[in-house]
There are 2 protein chains.
Amino acid sequence: MENYQIDNLDKQILNALMANARTPYAELAKRFAVSAGTIHVRIEKMKQANIITGTQVSINAKQLGYDVCCFIGINLNNARDYPDTLLHLKELEEVVEAYYTTGNYSIFIKVMARSIDHLQDVLINKIQAIEAIQSTETLISLQNPISRAVVP
Amino acid sequence: MENYQIDNLDKQILNALMANARTPYAELAKRFAVSAGTIHVRIEKMKQANIITGTQVSINAKQLGYDVCCFIGINLNNARDYPDTLLHLKELEEVVEAYYTTGNYSIFIKVMARSIDHLQDVLINKIQAIEAIQSTETLISLQNPISRAVVP
DNA sequence: TATGAAAGACCGCTCCC
DNA sequence: GGGAGCGGTCTTTCATA
C-alpha cells in the first residue's frame, strides 16, 4: 500500500497516462513492447501504492467563461486565525487552490474568475471581508506558458 | 468547434468526470436519469467545443519522492528578457508551472523538488544562474489544503 | 434537433502457462 | 511476464417525438 519503487516501464506508463488517461492497455503494451497483462499489473501496483490516485478530465476554463486567473498572497492578523480563514476560503468556489506557506504571505491562493469585475467582487466583497485577513497582494496571470506534472 | 452554452446536465457530467474520468456512461445515465446515448452526445459536444480537452491520471507527487512544493517569484533585469528566461525555465523539469504576471514579480513559477537540498540546488544553481534574473523570492508550501477545479 | 434503445466492436480483467 | 477467453463498456445506428 505504501512504497513501491517504480522502474523505467512504470515511468513510461505514467507519462503516457498523464497525457491521456484512457490510452488502451493494448496500445501501451505495443508501444513499450510488453503484454497488455503486464501493463495491467503495473498500473494496478501503482494504484495500490497510491502513486496513481485517480483520473480526471482536463477542462478548458476559458471555454467555461473563466478568463481571469490570479494569485493572491494573504497576510493574517494572527497566525492562529489560519484554520478559520481556510474554512471561509473553502466556501468560495472561485478559490481553486490554497497553500499554507512560509515567506511573505501566510496563505497563498489561486483564484479563477469570469472577468476583472468578477475578480474585484470576489477580492473585495468575499476575501477581504474575512475578518482575520489583514492585507492581500494580487498577482494577475496574463499567461500560463508552462503547465505540466513532475517527471518521474 | 468554438462556442457551446452548457446546460445543467452538462455541468453535472463535467463534475462527475472531473472526479473520475472513467466513469461509465451507463452510470452517469442512471445518476442523471437520461440514456447512455445522451451522455455520449453531450460529452462529444463538449469535446468538440474544446471544453473537455483530454483526460489525465492524477498522480501523487509525494509517492514519487517529490516532497517539497514551492512558489518562486522572479524579477527580471529587463522585461524584454521574458521569452528567453522562459526557455531556460522550460528546460528545468522541476519547474512545473509558470505564469507571466502583473504585480510584484515578472514571472511566477511553481517548483516541485525531492527535498530542501534539492530545492536549494535548483534555486541556486539552475534558476538564479539564469542571467536575466535579477532576484527571486521563495514561498515554501507547507500544506495544500485546497485543490480543485472551477465549478462550471 | 435531441432523445432513447439495441447491436456490434472494443477494452479490461482474470486465469493459466 | 505472456497469452487467451469472458464479461462489461463504449460507440454507433436507427427509430421516435
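Before going into details, it helps to say that this report is about the structure given with it. Please read these numbers as outputs of a predicted model, since none were measured by experiment.

With respect to the nonpolar core
Piece 1. Core analysis: the largest hydrophobic core is formed by 62 residues, its most contacted members being Ile13 of chain A together with Ile13 of chain B.
Piece 2. Those residues within four positions of Ile13 of chain A in sequence are excluded, and the remaining contacts are Leu28, Phe32, Ile39, Arg42, Ile43 and Met46 of chain A.

Structural notes on the relation of the copies chain A and chain B
Piece 1. With an RMSD of 0.1 Å, the fit of chain A onto chain B corresponds to turning through 180 degrees and sliding 0.0 Å along the axis. A rotation of that kind, with that shift, is consistent with a two-fold axis. Using C-alpha coordinates, one finds that chain A approaches the rotation axis most closely at Gln56 of chain A, a distance of 2.8 Å.
Piece 2. When you check the interface residues of chain A against chain B, 100% turn up at the interface there too, and the contact is symmetric in its surfaces.

Looking at the pairing of strand β4 (residues 107–113) of chain B
Residue and element names in this part refer to chain B.
Piece 1. When you tally the buried positions in β4, you get seven out of seven residues, the bulk of the element.
Piece 2. Pairing analysis gives seven bridges linking strand β2 (residues 68–76) to β4, with the strands arranged antiparallel. Its bridge partner being in β4, Cys70 is matched across the sheet by Val111.
Piece 3. Across five bridges, strand β3 (residues 95–102) lies against β4 in antiparallel orientation. The partner of Tyr99 across the bridge, within β4, is Phe108.

So, the protein's contact with DNA strand C
Piece 1. The immediate surroundings of DNA strand C are formed by Thr23, Pro24, Tyr25 and His40 of chain A together with Arg22, Val34, Ser35, Thr38, Arg42 and Lys45 of chain B.
Piece 2. Measuring from a phosphate oxygen of DNA strand C, one finds a side-chain N or O atom of Arg22 of chain B at 3.4 Å.
Piece 3. At a separation of 2.9 Å, a phosphate oxygen of DNA strand C approaches a polar side-chain atom of Arg42 of chain B.
Piece 4. Among the elements that make up the surface near DNA strand C, the one with the highest residue count is helix α3 (residues 36–48) of chain B (three residues).
Piece 5. Tallied by class, residues from the surface near DNA strand C come to three nonpolar, four polar and three charged.

Conventions we followed
- Residues numbered from 1 in each chain as written.
- Chains lettered and ligands numbered in written order.
- Predicted model: local features only at pLDDT ≥ 70, side-chain atom pairs only at ≥ 80, totals over all residues.
- Heavy atoms only, no water.
- Core = buried A, V, L, I, M, F, W, Y, C linked by side-chain atoms within 4.5 Å.
- Buried < 20%, exposed > 50% of the residue type's maximum accessible area, 1.4 Å probe, protein only.
- Contact = heavy atoms within 4.5 Å.
- Least-squares fit on C-alpha atoms with pLDDT ≥ 70 in both.
- Helix = DSSP H or I, 4+ residues; strand = E, 2+ residues; numbered from the N terminus.
- Pairing = 2+ DSSP bridges.
- Near = heavy atom within 4 Å.
- Polar contact = N/O pair within 3.5 Å; in protein donor to acceptor, adjacent residues only side chain to side chain.
- Nonpolar A, V, L, I, M, F, W, Y, C, P; charged D, E, K, R; others polar.

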